[in-house]
Amino acid sequence: MNDSNPETTREIKTTDLAEQPTAVLRETVPMNALREFFDRAYRSVMTAVEQQNVQLAGPPFAMYRGMPTDVVDVEAGFPLAAPYPGGDAPGVTAGVLPAGRALEAMHVGPYDTLPETYGAVMAKMQAEGLTPGEAMWEYYLSDPAKEPDPAAWKTLVVWPVS
């Protein structure tokens with residue numbers, strides 16, 4: 001961490017998460033096709049949630065299962081105020097962000113610099129003797145359509161630990 005430059009300082013917090021119902025689209029996607037997948041997933045999930053009159057409970061997120069390689073098992077969607085009852089939207093299913101202990105770090109900057117934040121989170125896990133969970137997720141707190149400067153984008157990284 002760099003305390004002299006707050007923009008690059010990553011505060012990593014330990015938190016206890018409550019289980020959170022979600023509506024998601026899950027696929028195995030090549031890393032270079034993630035943006036296209038996210039656009040399609042968020043649009044499909046939003047349409048499905050609106051059709052079912054289910055209230056959103058937070059910003060869009062993506063959960064990654066396992067360590068990404070050239071492809072990633074990813075689900076993208078939204079946290080909900082109540083479980084998703086299902087519907088006619090192809091591929092959109094009920095999901096859950098699990099309860100438990102996790103590390104959280106706020107990433108400020110473009111998405112292609114997220115590996116730096118993940119590295120800092122992993123270093124804290126190792127320093128504290130924690131075991132990383134098999135899934136981690138990101139909440140996208142900035143909308144690139146409304147905030148065109150990638151240097152200002154905010155992404156909350158959440159990585160369950162044991």
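One structure accompanies this document, and this report is about it. Worth saying up front: this structure is predicted, and the values here are computed from it rather than measured.

## Description of the overall build of the protein chain
Right, so step 1: Within the protein chain one finds two helices and eight strands.
Right, so step 2: Each helix and strand of the protein chain, placed in order from N terminus to C terminus, yields the pattern β-β-α-β-β-β-β-α-β-β.
Right, so step 3: By the compact-globule yardstick of 15 Å for 162 residues, the protein chain fits well, its C-alpha radius of gyration being 16 Å.
Right, so step 4: Projected onto the principal axes, the alpha-carbon positions of the protein chain cover approximately 50 × 35 × 30 Å.
Right, so step 5: In the protein chain, which comprises 162 residues, the share counted as buried stands at 38%.
Right, so step 6: Look at the contacts in the protein chain between residues 6 or more apart in sequence, and 74% of them connect residues 24 or more apart.

## Looking at unusual backbone geometry
Trans peptide bonds make up most of the peptide bonds, and negative phi angles are found at most residues other than glycine.
Right, so step 1: Phi angles above zero are rare outside glycine, and Asn53 is one such case at about 55 degrees.
Right, so step 2: With respect to the helices and strands, the residue Asn53 is situated in the loop between α1 (34–51) and β3 (61–65).
Right, so step 3: Of the residues examined, Asn53 reaches a relative accessible area of 70% and is grouped as exposed.

## Considering the layout of surface pockets
Right, so step 1: Of the pockets and cavities examined, the largest pocket occupies roughly 920 Å³.
Right, so step 2: Forming the walls of the largest pocket are 26 residues, and the residues nearest its centre are Phe38, Tyr64, Tyr111, Glu138 and Tyr140.
Right, so step 3: Contributing elements (two or more residues each) for the lining of the largest pocket: α1, α2 (114–128) and β7 (135–140).
Right, so step 4: Ranked by residues supplied to the lining of the largest pocket, first place goes to α1 with five residues.

## Quick word on the pattern of salt bridges
Right, so step 1: Following the criterion strictly, the structure yields four salt bridges and no others.
Right, so step 2: We note a salt bridge from Asp73 to Arg26, for which the minimum N-O separation is 2.6 Å. Highlighted residues: Asp73 in strand β4 (residues 71–79) and Arg26 in strand β2 (residues 20–30), separated in sequence by 47 residues.
Right, so step 3: The exposure class of Asp73 is partly exposed, given its relative accessible area of 21%.
Right, so step 4: Residue Arg65 pairs with Glu75 through a salt bridge whose shortest N-O separation is 3.2 Å. With Arg65 in strand β3 and Glu75 in strand β4, this pair connects stretches of sequence that are ten residues apart.
Right, so step 5: Judged by its relative accessible area of 31%, Arg65 is partly exposed.
Right, so step 6: Overall, the relative accessible area of 4% leaves Glu75 in the buried class.

How each quantity is defined
- Residue numbers here run from 1 along each chain, matching the order of that chain's written sequence.
- Reporting of local features is limited, given that this is a predicted model, to residues whose pLDDT is at least 70; pairs of side-chain atoms are given and counted only at 80 or more, and all residues count toward the totals for whole chains, interfaces and linings.
- To get the side-chain values, take all heavy atoms of the structure and skip hydrogens and water.
- The secondary structure listing takes helices from DSSP runs of H or I that are at least 4 residues long and strands from runs of E that are at least 2 residues long, numbered from the N terminus.
- Our radius of gyration looks at C-alpha atoms and nothing else; its globule reference is 2.2 Å times the residue count to the power 0.38.
- Here's how the labels work: a residue is buried when its accessible area is under 20% of the maximum for its type, exposed when over 50%, partly exposed in between, all with a 1.4 Å probe on protein chains only.
- The contact rule is simple, with two residues in contact once any of their heavy atoms fall within 4.5 Å.
- Within this scheme a cavity is a closed region of a 1 Å grid, computed over the protein atoms alone, that accommodates a 1.4 Å probe without allowing it to escape, whereas a pocket is open but has protein on both sides within 12 Å along at least five of seven lines; lining residues each have an atom within 4 Å of a point.
- Grid points are joined across faces, edges and corners, and a volume is the space filled by probe spheres set on the points.
- Every case where a carboxyl oxygen of Asp or Glu lies within 4 Å of a side-chain nitrogen of Lys or Arg is listed as a salt bridge.

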